[in-house]
Amino acid sequence: MLKTELFGVEFENPVWTASGTFGFGLEYAPYVDLNRVGAVCVKGLSIKPREGNEPPRIWETPCGMLNAIGLQNPGVEYFVEKIVPELQKYRCRVVANIYGSTVEEYAAVAKALKGVDGVDAIELNISCPNVKKGGLAFGVDPVEAARLTEAVKKATDKPVIVKLSPNVTDIVEIAKAIESAGADALSAINTLLGMAIDIRKRKPRIKNRFGGLSGPAIKPVAVRMVYQVSKAVSIPVIGIGGISTWEDAVEFFLAGASAVQVGTANFFNPKAVEEIVEGLESYLNEMGYSHISELVGDLRE
Amino acid sequence: MGFKVVENYRVCGRDYLLTVEADRETVEKIRAGQFGMVQVRSSIQFDPLLRRPLGIFNVEGNRVSFLYRVYGRGTELLTKTEAGEEVEVLMPLGNSIPEDREKYLFIAGGIGIGGLFLAARWFEEAGKDVVVLYGERSSENLSGLPFLEKYGIETVVYTEDGSYGKRGLVTKELPEFKDYTWVACGPTPMLKAVKEIAEEEKAECFLSLDRRMACGVGACLGCTVKTTEGYKRCCVEGPIFRADEVIF
Ligand SMILES: Cc1cc2nc3c(=O)[nH]c(=O)nc-3n(C[C@H](O)[C@H](O)[C@H](O)COP(=O)(O)OP(=O)(O)OC[C@H]3O[C@@H](n4cnc5c(N)ncnc54)[C@H](O)[C@@H]3O)c2cc1C
Ligand SMILES: Cc1cc2nc3c(=O)[nH]c(=O)nc-3n(C[C@H](O)[C@H](O)[C@H](O)COP(=O)(O)O)c2cc1C
Ligand code: FES
């Protein structure tokens with residue numbers, strides 16, 4: 001009922017974990033049955049290991065949180081050698097989230113993943129707002145975004161998902177440009193750029209000044225963007241943003257998502273993915289759907 | 001995991017004791033110095049969003065307690081939880097205090113006693129030489145004291161206003177204990193001072209650190225501690241760090 005095929009890859013279910021919110025999956029293995037997770041999108045990988053930003057890096061906000069982790073990661077080589085073999089012990093699919101500061105860097109990471117067993121797809125983070133020189137430039141400009149997508153497609157044999165930034169004026173224009181450049185799917189959304197201030201110290205709460213807003217607070221923005229994008233493109237759209245319950249997930253499917261990713265909710269409820277999977281099943285039964293694909297975009301307007 | 005609340009009462013000042021009925025399997029995993037991520041709201045609301053890290057204060061049978069101070073909205077809300085309700089707690093988390101030394105000096109600044117009491121109690125019961133130095137601003141916040149007394153742990157209390165025990169800071173007489181292994185938990189200025197004195201006295205010293213946390217399991221990379229070996233995660237590589245590796 002929940003088995004989902006996207007870009008030639010079969011997923012046990014369409015409920016995945018979002019990059020940067022589930023580590024490499026293994027951190028949560030003692031608390032979550034990874035076999036019940038459709039796919040794990042791992043923490044953003046770069047060609048070289050990266051230390052990340054100076055702390056403090058996180059701040060809680062009403063129904064959400066800001067983060068500026070700065071894309072700390074052990075590098076793609078370490079991932080391939082040490083982490084992929086561990087993840088292969090589980091049935092969940094593995095999506096490698098990657099980033100770089102130039103087209104060449106992105107392509108190099110994609111190339112390092114070429115032919116690697118146990119990596120089922122690549123997700124391009126063109127939207128992370130945290131690193132000053134980071135991916136932002138690609139995500140806000142349709143021409144750059146398309147150029148990047150093409151280069152990565154050329155460098156790899158894996159399906160390529162491009163993850164959209166919400167910090168743009170017209171997300172549809174960018175989504176279309178990326179589709180034309182050959183992306184296999186889109187995911188949306190990444191975090192919304194935000195800021196919080198300590199009024200006693202009169203300083204930003206996060207060392208990096210700005211941070212990405214995530215959690216239930218961003219859900220309505222994400223639903224709207226997934227709706228607009230999925231109407232405009234014919235490749236699958238994966239919904240992300242504040243999904244914490246199965247009801248939230250259903251909203252995204254109705255808005256046109258073919259799969260969803262759960263992010264911040266993992267932090268406050270490690271069982272979120274499992275609960276959403278169960279909830280979706282009973283919702284489908286109750287509403288008379290025989291398969292999740294029938295729910296996708298089934299919005300009555 | 002949802003655990004039934006046995007009691008949640010004010011001990012003194014702004015300090016409360018929350019006790020939950022856990023299961024055998026969870027309790028058997030607990031080592032001294034570890035913590036739990038405690039949900040402070042009900043599951044049908046989303047604010048405040050994240051769980052709060054609290055040190056595992058005591059374990060009796062399957063009962064696990066947390067001694068917490070009301071600090072902001074989350075801990076304030078937690079005081080409203082009543083016996084019989086369920087709270088979600090992910091535990092035990094983090095590394096633990098090395099158990100193989102013979103003489104331990106625990107240095108608690110205020111509610112820092114929350115992260116040290118269980119170690120003091122267990123090591124005392126294991127026949128080790130245990131001394132607790134317990135510092136507070138004044139007598140009305142000494143919430144750990146009844147527990148230290150109940151378990152017969154040798155304790156020296158320091159208050160800044162002299163309203164109880166010795167007058168002065170908890171760091172005042174540290175050099176007298178240089179042949180002990182020190183474990184400190186408390187506010188950052190205190191930890192900094194302890195680290196410096198330990199270096200001067202060449203005492204072995206560990207610090208239990210406190211960082212803002214989102215996940216508590218090593219996934220979000222939000223709880224970074226700066227060390228001589230680069231960034232470490234307070235929730236996995238900590239909360240117990242060797243004092244000499246911590247960069248303040
Ligand atoms: C390993 C560890 C063990 C701890 N043990 C204890 C204990 O035994 N007893 C106790 O009273 N306190 C303990 N603390 C501190 C406790 O977590 C904070 O006081 C609490 O999170 C404050 O939440 P709040 O909602 O009241 O404050 P708010 O300021 O409203 O919280 C906002 C956000 O900041 C975080 N936060 C705020 N202050 C702290 C802090 N000092 N440390 C970490 N995160 C913070 C909260 O978790 C939340 O995400 C511990 C912290 C850590 C990291
Ligand atoms: C702590 C943290 C780290 C993140 N790291 C990444 C990352 O490395 N790459 C990426 O593409 N997105 C990253 N994200 C964004 C999430 O994958 C997701 O798009 C966003 O948080 C919105 O979903 P949510 O509201 O369910 O969390 C991160 C988010 C958080 C909260
Ligand atoms: S709190 Fe998430 S990594 Fe430590």
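Computed from a predicted model, the values in this text were never measured in an experiment.

K.L.:
Is there a simple way to explain the packing of aromatic side chains in this structure?
P.N.:
Describing an aromatic ring pair means giving the distance of the ring centres and the angle of the ring planes. Residues and elements named next belong to chain A. In this structure the tally under the stated criterion is 16 aromatic pairs over all chains. Judged by centre distance (5.8 Å) and plane angle (40 degrees), the rings of Trp246 and Tyr283 are tilted. Linking Trp246 in helix 7 (residues 246-255) with Tyr283 in helix 9 (residues 272-287), this pair joins segments that are 37 residues apart in sequence. Judged by its relative accessible area of 12%, Tyr283 falls in the buried class.

K.L.:
Hey, could you run me through the site of ligand 1 in this one?
P.N.:
Near ligand 1 lie 21 residues; those nearest to it are Pro53, Gly74, Thr75, Asp210 and Arg212 of chain B. Neighbouring residues of ligand 1 are not confined to a single chain but are spread across chains A and B. A distance of 2.9 Å separates an oxygen atom of ligand 1 from a polar side-chain atom of Arg52 of chain B. In the environment of ligand 1, an oxygen atom lies 2.7 Å from a nitrogen or oxygen atom belonging to the backbone of Gly72 of chain B. Coverage of ligand 1 by the protein amounts to 87% of the 830 Å² it exposes when considered alone. Going through the elements one at a time, strand 4 (52-55), strand 6 (63-69) and helix 2 (73-78) of chain B are the ones with two or more residues in the shell around ligand 1. The biggest single contributor to the shell around ligand 1 is strand 4 of chain B, with four residues. Tallied by class, residues from the shell around ligand 1 come to nine nonpolar, five polar and seven charged.

K.L.:
I'm lost on the interface of chain B and chain A in this one. Help?
P.N.:
It is common to give the size of an interface as the accessible area lost on bringing the parts into contact. In this complex, chain B contributes 27 residues to the contact, which on the side of chain A involves 32 residues. For the pair chain B and chain A, the summed buried surface comes to about 2400 Å²; carbon and sulfur atoms form 64% of the total. On inspection of chain B and its partner chain A, the count reaches two salt bridges. The shortest N-O distance in the salt bridge between Lys226 of chain B and Glu54 of chain A comes to 3.1 Å. The tally of links from chain B across to chain A stands at nine residue pairs in polar contact (both at pLDDT 80 or more). For the side of chain B that touches chain A, the secondary-structure elements that each account for two or more residues are strand 7 (86-93), strand 14 (224-227) and strand 15 (230-233) of chain B. Split into classes, the residues belonging to the side of chain B that touches chain A amount to 15 nonpolar, five polar and seven charged.

K.L.:
What is the right way to look at the environment of Val246 of chain B in this model?
P.N.:
Here Val246 of chain B is to be found in the segment after strand 16 (240-242). Look past the residues within four positions of Val246 of chain B in its chain and what remains in contact with it is Lys195, Leu207, Leu209, Lys226 and Phe241 of chain B.

K.L.:
Any chance you could explain the domain arrangement of chain B here in plain terms?
P.N.:
Residues and elements named next belong to chain B. Per the domain assignment, the segments making up chain B are domain 1 (2-93) and domain 2 (103-208). A C-alpha centroid distance of 23 Å is found between domain 1 and domain 2. Across the contact, 20 residues belong to domain 1 and 21 residues belong to domain 2. Contact between domain 1 and domain 2 buries roughly 1500 Å² in total, counting both sides, with carbon and sulfur atoms accounting for 61%. Our count for the contact surface shared by domain 1 and domain 2 stands at two salt bridges.

K.L.:
Just checking my understanding: could you explain empty space enclosed by the protein for this structure?
P.N.:
On inspection of all chains with the given rule, the structure shows two cavities of 30 Å³ or more. Empty space within the largest cavity amounts to approximately 440 Å³. Taken together, 37 residues make up the lining of the largest cavity; nearest its centre are Ser19, Thr21, Asn67, Asn190 and Thr191 of chain A. The wall of the second largest cavity is formed by Arg57 and Gln72 of chain A together with Leu221, Cys223, Thr224, Tyr231, Lys232 and Arg233 of chain B. For the lining of the second largest cavity, the leading source of residues is strand 15 of chain B, giving three residues. Classifying every residue of the lining of the second largest cavity by side-chain character gives three nonpolar, two polar and three charged.

K.L.:
Teacher, can you tell me more about the side chain of Arg121 of chain B here?
P.N.:
Take Arg121 of chain B: it is sitting in helix 3 (residues 117-125). For Arg121 of chain B, the contacting residues outside a window of four places in its chain are Asn58, Val59, Glu60, Tyr151 and Ile153 of chain B.

K.L.:
Looking at this structure, I do not really get the nonpolar core. What am I missing?
P.N.:
For soluble globular proteins, nonpolar side chains are generally found buried alongside one another. Counting residues in each nonpolar core, the largest one holds 129 residues, and the members touching the most others are Phe79, Ile98 and Leu124 of chain A together with Trp182 of chain B. Counting residues domain by domain, this core receives three or more from each of domain 1 (2-93) and domain 2 (103-208) of chain B. If we skip the residues at most four places from it in the chain, Ile98 of chain A touches Leu45, Tyr106, Val109, Ala110, Leu113, Ile122, Glu123, Leu124 and Asn125 of chain A. Counting residues in each nonpolar core, the second largest holds 28 residues, with Ala32, Ile113, Phe123 and Val183 of chain B among its members.

K.L.:
Would you mind going over unusual backbone geometry with me for this structure?
P.N.:
The general pattern is negative phi for most residues beyond glycine and trans for most peptide bonds. Each neighbour pair has its own omega, and for Ala188 of chain A with Ile189 of chain A the value is 15 degrees, a cis peptide bond. Inspection of the secondary structure assignment puts Ile189 of chain A in the loop between strand 10 (185-188) and strand 11 (192-195). Each neighbour pair has its own omega, and for Asp47 of chain B with Pro48 of chain B the value is -5 degrees, a cis peptide bond. By the element assignment, Pro48 of chain B lies in the loop between strand 3 (35-38) and strand 4. Even without being glycine, Leu71 of chain A reaches a positive phi, approximately 55 degrees. A positive phi angle, near 55 degrees, is found at Lys202 of chain B, a position not held by glycine. In this structure, Lys202 of chain B sits in the loop between helix 5 (188-201) and strand 13 (205-208).

K.L.:
Even after reading the chapter, I still don't get the pairing of strand 2 (residues 15-21) of chain B, so can you show me in this structure?
P.N.:
For a regular strand, the rule is simple: side chains alternate between the two faces of the sheet. All names here are of chain B. The element strand 2 is largely enclosed, with a buried count of six among its seven residues. Sheet topology places strand 1 (residues 2-12) next to strand 2; seven bridges connect them, and they run antiparallel. Each bridged residue has a counterpart across the sheet, and for Asn8 the counterpart in strand 2 is Leu18. Between strand 1 and strand 2, which pair antiparallel and follow one another directly, the connecting turn spans two residues, one of which, Gly13, has a positive phi of 50 degrees. Here strand 2 runs beside strand 6; their pairing, made up of seven bridges, is antiparallel. Pairing of Asp15 across the sheet is with Arg69, part of strand 6.

The rules behind these values
Residues numbered from 1 in each chain as written. Chains lettered and ligands numbered in written order. Predicted model: local features only at pLDDT ≥ 70, side-chain atom pairs only at ≥ 80, totals over all residues. Heavy atoms only, no water. Phe/Tyr/Trp six-rings, centres within 6.5 Å; stacked < 30°, edge-to-face > 60°. Helix = DSSP H or I, 4+ residues; strand = E, 2+ residues; numbered from the N terminus. Buried < 20%, exposed > 50% of the residue type's maximum accessible area, 1.4 Å probe, protein only. Near = heavy atom within 4 Å. Polar contact = N/O pair within 3.5 Å; in protein donor to acceptor, adjacent residues only side chain to side chain. Areas by Shrake-Rupley, 256 points an atom, 1.4 Å probe, with all protein chains shown as cover. Nonpolar A, V, L, I, M, F, W, Y, C, P; charged D, E, K, R; others polar. Contact = heavy atoms within 4.5 Å. Buried area = accessible area lost by both parts, 1.4 Å probe. Salt bridge = Lys/Arg side-chain N within 4 Å of Asp/Glu carboxyl O. Domains from an automatic or database assignment. 1 Å grid on protein atoms, 1.4 Å probe; cavity = no way out; pocket = protein on both sides within 12 Å on 5 of 7 lines; lining within 4 Å. Points joined across faces, edges and corners; volume = space filled by probe spheres on them. Core = buried A, V, L, I, M, F, W, Y, C linked by side-chain atoms within 4.5 Å. Pairing = 2+ DSSP bridges.

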